[in-house]
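Coordinate analysis (summary)
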Amino acid sequence: MSLNIGLFLILCLTALALTNGERVRFDNYRVYEVNASNREKLALLKQMEDTSDSLLFLDGVHKINRTVKVVVPPHKVSDFLLVLDVNDIDYNLVEKDLQTALEKDYNQIATRATTDQWSAYQTLDFHYSWLRSLASSYPGNVTLIEGGKSYEKRSILGVKISLHNGKKQKPGIFLEAGIHAREWIAPATATYVIDALLTSTDEQVRELAETYEWYIIPHANPDGYVYTHTTNRMWRKTRQPYGSCYGADPNRNWNVSWNTVGASSNPCSETFAGSAANSEIEVKSLSRYVDSLKSVVKLYISFHSFSQYLLYPNGDTPELPDNVKDYEQVYNVTLKAISKRYDTVYTGGNIYDAIYPAAGSSVDYAYSKTGIRMAFCFELRPNGSFNGNGMELPADQIRPTAEEILDGLVAMVNEVKVLGYFD
Ligand code: 0X9
Ligand code: ZN
């Protein structure tokens, strides 16, 4: 009895500590890269991913000979390594104290107004004030848009950029970022694109800004993003409670082949599909918003990190889109453009084969359910063999990342145009 009360008190105190603004700590947590070289080993890793409530898999386990990163708490390290050794599964230690890496990350959050917005990672409040300021600085050219509300009642704020230049009925391009909370480079890059469309003097970027209507939502999962700043840097999902666990993966919750493959029914899983399609208010409202634009938007883009991939549908089946030849063409020119500035190498292809099966994602929804024929997902820097947890991209790489992606977007949009999708 007294033990129970003691435990209860400890739990209350822990909860109180966290609500009082303390961050989850990962002292002595290790990050390993593991690699399964055959089907049996892969099945074992998959079982660990599905059943362990203490290991955090940062990549889905799906392919033989594909490295995945796993966060291992200190009290689990010896058992974890024993299982790998007994089963002859290769591994490599990439971070011996995750806490140290995360502290570096938290130190890269801008604490005061910097002269260069893209020299540090910004808070949600900063981004939202900035978006609002654009609407007043560029009246008529920038309009605030709202993709709906989050579970914690935040606005899913974005901008529509449609320059007053006499052109009527411009085709629309939709850009969504930040659906995964911890992938900080995604909103940072989306805001850079917004800025470039408004201020760049580069001729090709001006052309992009003047020819299209842009709908850009830098934070599709604002609650998650705030939570990564205040409490847990490694948070991915939304923040709606499900029993003793929180959140669903908002990139598994769209109403397209919901929870059929590459998603979990376990609320504690990183890829929990939710209790039903659209169970996450963020996805429900954002998909409704995308639906409302389906006759305008011809190209849908989603920013994630990491691994440097450019991906296209489908995620829910190995079947290729009927216009896969066009996808391949756009993919090829985009990759070439991305590599030009800094020699950065992207790879990719159809989601299912290039990375892993993943049903219920935003690009599949756009492609299969709205009639938007061109839908791409960028997995931004760093690349897959980056020596670390994959989220801690140094802030001095925000600009280069965004610059090369803007180069890629210029090429992508031009090719989509050449292929007639904007007609
Ligand atoms: O698993 C995912 O949702 C994406 N990878 S991530 O490491 N960022 O979590 C890939 C899914 C394919 N991308 C889209 N459908 N947008
Ligand atoms: Zn992601």
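Look a little higher up for the structure.
All of these numbers come straight from a predicted model, not from anything done at the bench.

Definitions and limits used
- Residues numbered from 1 in each chain as written.
- Chains lettered and ligands numbered in written order.
- Predicted model: local features only at pLDDT ≥ 70, side-chain atom pairs only at ≥ 80, totals over all residues.
- Heavy atoms only, no water.
- Helix = DSSP H or I, 4+ residues; strand = E, 2+ residues; numbered from the N terminus.
- Buried < 20%, exposed > 50% of the residue type's maximum accessible area, 1.4 Å probe, protein only.
- Contact = heavy atoms within 4.5 Å.
- Areas by Shrake-Rupley, 256 points an atom, 1.4 Å probe, with all protein chains shown as cover.
- Lys, Arg positive; Asp, Glu negative; His and termini not counted.
- Charge placed at Lys NZ, Arg CZ, Asp CG, Glu CD.
- Pairing = 2+ DSSP bridges.
- Donors = N, O, S within 2.8 Å, 3.2 Å for Na, K, Ca; no water.
- Core = buried A, V, L, I, M, F, W, Y, C linked by side-chain atoms within 4.5 Å.
- Domains from an automatic or database assignment.
- Axes fitted to C-alpha atoms, helices over the stretch in contact; angles between N-to-C directions.

Within the protein, the secondary structure is distributed over 13 helices and 14 strands. Overall, the C-alpha framework of the protein stretches about 75 × 45 × 40 Å when taken along its three principal axes. Looking at the protein as a whole, 56% of its 423 residues are labelled buried. Within the protein, contacts between residues at least 6 apart in sequence are counted, and of these 75% link residues at least 24 apart. Looking at the protein as shown, the accessible area adds up to about 18100 Å², and 51% of this sits on carbon and sulfur atoms. Once the 41 positive and 50 negative side-chain charges of the protein are each reduced to a mean point, those two points are 4 Å apart.

Sheet architecture is open: 4 strands sit in the order 2-3-1-4, paired in antiparallel fashion. For this open sheet the edge positions go to strand 2 (56–57) and strand 4 (90–95), each flanked by a neighbour on one side alone. Here strand 1 (residues 30–35) pairs with strand 3 (residues 68–72) via 5 bridges, running antiparallel. By the bridge assignment, Val 31 is partnered in strand 3 with Val 71.

Right, let's talk about the coordination of the zinc ion (ligand 2) for a bit. Protein coordination at the zinc ion (ligand 2): the donors are His 180 (ND1), Glu 183 (OE), Glu 183 (OE) and His 304 (ND1), at 2.0 to 2.3 Å from the metal. In the primary sequence, the donor residues of the zinc ion (ligand 2) line up as H-x2-E-x120-H. Each member of the pair His 180 and Glu 183 is classed as buried.

Counting residues in each nonpolar core, the largest one holds 105 residues, and the members touching the most others are Phe 174, Leu 299, Phe 303, Phe 378 and Met 412. Counting residues per element, this core draws most heavily on helix 6 (residues 185–199), at 10 residues. For this core, the two domains that each supply at least three residues are domain 1 (7–106) and domain 2 (117–418). Every residue in contact with Phe 303, bar those within four places of it in the chain, is listed here: Leu 175, Glu 176, Ala 177, Gly 178, Ala 186, Thr 189, Ala 190, Val 193, Phe 378, Leu 380, Ile 405 and Leu 409. Residues Tyr 32, Val 61, Val 77 and Leu 81 belong to the second largest nonpolar core, which totals 17 residues.

This part covers the sheet that holds strand 8 (residues 213–217). Here 8 strands make up an open sheet; going across it, the order is 5-6-8-7-11-14-12-13 and the pairing mixed. In the strand order of this sheet, the two ends are held by strand 5 (142–149) and strand 13 (347–350), each with one partner. Averaged over all neighbouring strand pairs, the angle between strand axes comes to 20 degrees, with direction disregarded. Across 3 bridges, strand 12 (residues 309–312) lies against strand 14 (residues 374–383) in antiparallel orientation. When the sheet's bridge partners are listed, Leu 310 is paired in strand 14 with Phe 378. Seen against the sheet, helix 5 (residues 124–137) touches strand 5 and strand 6 (155–161) and runs at an angle of roughly 35 degrees to strand 6. Helix 6 contacts strand 5, strand 6, strand 7 (172–177), strand 8, strand 11 (297–307) and strand 14 of the sheet and is inclined by roughly 135 degrees relative to strand 11.

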